[in-house]
Amino acid sequence: MMQPYVLDWLNLLLRWAHVVVGIAWIGASFYFVFLDNSLRQPKDPESRAKGVSGELWAVHGGGFYHPQKYLLAPPHLPTHLHWFYWESYATWLTGFALFTLIYLWRAPTFLIDQRVHAWPTWAAISVALAMLAGFWLIYDLVCRTLGRGPHGERWVGAVLSAVVVLAAWLACHWFATRAAFLLVGAMMATAMSANVLVWIIPGQRTVLAQMRAGEAVDPDLGRRAKQRSVHNTYFTLPVLVAMLSNHYGFLQRTEHAWLVLVLLMGAGALIRHFFVARHQARVQGRQPPWAVLLVGVALLAALMVGLRPEGAADTSAVPPSFAQVQQIVSSRCQACHNAMLSSKNVRLDSPELILQQAAQIHQQAVVLQTMPINNATQITPAERGLLGRWFAAGAPGPSGHAP
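The notes below deal with the structure included here.

We now examine the overall build of the chain. Scanning the chain for helices and strands turns up 14 helices and 4 strands. In terms of overall dimensions, the chain has C-alpha extents of about 85 × 45 × 40 Å along its principal axes. Counting all 403 residues of the chain, 41% fall into the buried class. Partitioning the intrachain contacts of the chain with sequence separation of at least 6 by distance along the chain shows that 67% fall at a separation of at least 24. Total accessible area on the chain is roughly 22300 Å²; 66% of this is exposed by carbon and sulfur atoms. Charge-centre separation for the chain: the mean point of 29 positive side chains lies 4 Å from the mean point of 18 negative side chains.

This is the structure we're talking about:
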């Protein structure tokens, strides 16, 4: 069994690397979507004669930039081309390694919740991996069969939305809710990276080879690459909110957690669509689709109202006694935070240690509600409220006075 300290370091380093390469990938994706939707027809006849279909003048970091897009290719193919793909591959590899370290390696703790669905570890891991691969296969099949014609993308969007809703419902009924949220996000992220690996980069390489050989270029390759690139940018915000949800347990403490996830991801997709359409509207002299943005924001507002705590802590009432707090900590927290097992290097097995960790207890158990993990010890909303009132009163100790 790997030592918890070593696991924590691996977790930190992998998470750090995942965030860094993820920023690089998403940043490049956002930039090129912006660029593609912000290009204007060149005014210079020489540029048009060379096949330039769009250009953009920009200023950044004290310098001027002039990116140009060719309708097909420049008259003479450059020797050196920069390819954007390692950012995608590195993001998926570090993300899958992190998923393995946390959710697969320690599946009985983080992936499986026996109260949700009791099944053996090997089965839970197999189904989780099957969801990652299965979504890509379904998504790819839908794109290849329905993604043509004037209304093709609408059909693709409708079918994929239904598949994501079904996946969210199944995941929240099969796995620990925290793992379910992340799994649905990882499922979509896998499709994003597979788009780059299977369609975008191979298509670009084939087109380049056809040009250099003087052959006719297959237009379907460019169409498919463009289609998958656009899908990737719409997946981005839903994936990010699914990943971030792990730090906010209040999103998952509801009977219909799957619906919370669906609405969060739907809001992200609508907001992303607004910004994509805004770039196009600016070039074409139209108004951006403000209604789409308002619907996305309205979904988030509805979630904020729907998930609000049933009652705020009454700070004017007599604060609970330390004995009450210690009883809750003893029954709900000490299983993982004791002399034998100090998870995250935190111990809560004495009054002094409880007082030292008062802020952490409040943050993790009351505000974020991420502890206990998967609510394994069944802490109740009333108990969380009691801890909140104790902290609001200054976290008094056994003597009744705040430290």
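The next thing to look at is a nonpolar patch on the surface. Taken together, Tyr 5, Val 6, Trp 9, Leu 10, Leu 12, Leu 13, Trp 16 and Val 20 make up a surface patch of nonpolar side chains, about 820 Å² in accessible area. Considering the arrangement of structural elements, one finds Leu 12 in helix α1 (residues 4-38). Overall, the relative accessible area of 45% leaves Leu 12 in the partly exposed class.

Okay, a positive patch on the surface next. A contiguous patch of positive charge on the surface is contributed by Arg 40, Lys 43, Arg 278 and Arg 282. With respect to the element layout, Arg 40 can be found in the loop between α1 and α2 (45-49).

Here Ala 168 shows up in helix α6 (residues 152-174). Residues Ala 168 and Leu 261, 93 residues apart in the sequence, show an inter-C-alpha distance of 7.2 Å. Non-local contacts of Ala 168, meaning those with residues more than four positions away in its chain, are made with Val 184, Trp 258, Leu 261 and Val 262.

The next subject is the packing of aromatic side chains. Enumeration according to the criterion identifies 19 aromatic pairs in this entry. Ring centres of Phe 99 and Tyr 103 lie 5.7 Å apart, and the angle between their planes is 25°; on these two criteria the pair is classed as stacked. Of the two residues, Phe 99 and Tyr 103 both sit in helix α3 (residues 86-104), 4 residues apart, roughly one turn of that helix. Across the pair, exposure class does not vary: Phe 99 and Tyr 103 are buried alike.

Okay, the environment of Ile 102 next. Among the secondary structure elements, Ile 102 is positioned in helix α3. Between the alpha carbons of Ile 102 and Leu 221 there is a distance of 38 Å; along the sequence they are 119 residues apart. Each residue touching Ile 102, except ones within four places of it in the same chain, is listed here: Asn 11, Arg 15 and Phe 110.

Angle between the axes and distance between the axes: these two values describe a pair of packed helices. At a minimum axis distance of 12 Å, the contact between helix α5 (residues 121-146) and helix α8 (residues 219-244) shows a crossing angle of 130°. On the basis of their axis angle, the class for α5 and α8 is oblique. The handedness of the crossing between α5 and α8 comes out as right-handed. Contacts between α5 and α8 involve Phe 135, Trp 136, Tyr 139, Asp 140, Cys 143 and Arg 144 from the first element and Gln 227, Arg 228, His 231 and Phe 235 from the second. Residues belonging to the contact of α5 with α8 are distributed by class as follows: 5 nonpolar, 2 polar and 3 charged.

Time to look at helix α11 (residues 322-332). Buried residues of α11: Phe 322, Val 325, Ile 328, Val 329 and Arg 332, and no others. The buried residues of α11 all sit within an arc of 125° when viewed along its axis, so they share a single face. Away from its buried face, by an angle of more than 90 degrees, α11 presents the exposed residues Ala 323 and Gln 327.

In total, this model carries 10 salt bridges according to the counting rule given. Here Asp 140 makes a salt bridge to Arg 228, at a shortest N to O gap of 2.9 Å. Placement of the pair is Asp 140 in helix α5 and Arg 228 in helix α8, with a sequence separation of 88 residues. This pair shows no difference in class: Asp 140 is buried, exactly as Arg 228 is. A salt bridge links Asp 220 to Arg 223; its shortest N-O distance comes to 2.9 Å. In this pair, Asp 220 and Arg 223 both sit in helix α8, 3 residues apart, roughly one turn of the helix. A relative accessible area of 19% means that Asp 220 is categorised as buried. Residues joined in a network through salt bridges with shared partners are Arg 148, Asp 220, Arg 223 and Arg 224.

For the pair α6 and helix α9 (residues 257-284), interaxial distance at closest approach is 8 Å and the crossing angle is 145°. Between α6 and α9 the crossing geometry is right-handed. On α9, the residues touching Val 164, Val 165, Ala 168, Trp 169, Cys 172 and His 173 of α6 are Ala 257, Trp 258, Leu 261, Val 262 and Met 265. Classifying every residue of the contact of α6 with α9 gives 10 nonpolar, 1 polar and no charged.

Definitions and cut-offs
Residues numbered from 1 in each chain as written. Predicted model: local features only at pLDDT ≥ 70, side-chain atom pairs only at ≥ 80, totals over all residues. Heavy atoms only, no water. Helix = DSSP H or I, 4+ residues; strand = E, 2+ residues; numbered from the N terminus. Buried < 20%, exposed > 50% of the residue type's maximum accessible area, 1.4 Å probe, protein only. Contact = heavy atoms within 4.5 Å. Areas by Shrake-Rupley, 256 points an atom, 1.4 Å probe, with all protein chains shown as cover. Lys, Arg positive; Asp, Glu negative; His and termini not counted. Charge placed at Lys NZ, Arg CZ, Asp CG, Glu CD. Patch = residues over 30% accessible without salt bridge, like charges linked within 9 Å, V, L, I, M, F, W, Y side chains within 5 Å. Salt bridge = Lys/Arg side-chain N within 4 Å of Asp/Glu carboxyl O. Phe/Tyr/Trp six-rings, centres within 6.5 Å; stacked < 30°, edge-to-face > 60°. Axes fitted to C-alpha atoms, helices over the stretch in contact; angles between N-to-C directions. Parallel < 35°, antiparallel > 145°, perpendicular 65-115°, else oblique. Left-handed = near helix turned anticlockwise from the far one by under 90°. Nonpolar A, V, L, I, M, F, W, Y, C, P; charged D, E, K, R; others polar. Arc of directions from axis to C-beta.

Limitation: the analysis is restricted to geometry and does not speak to function.
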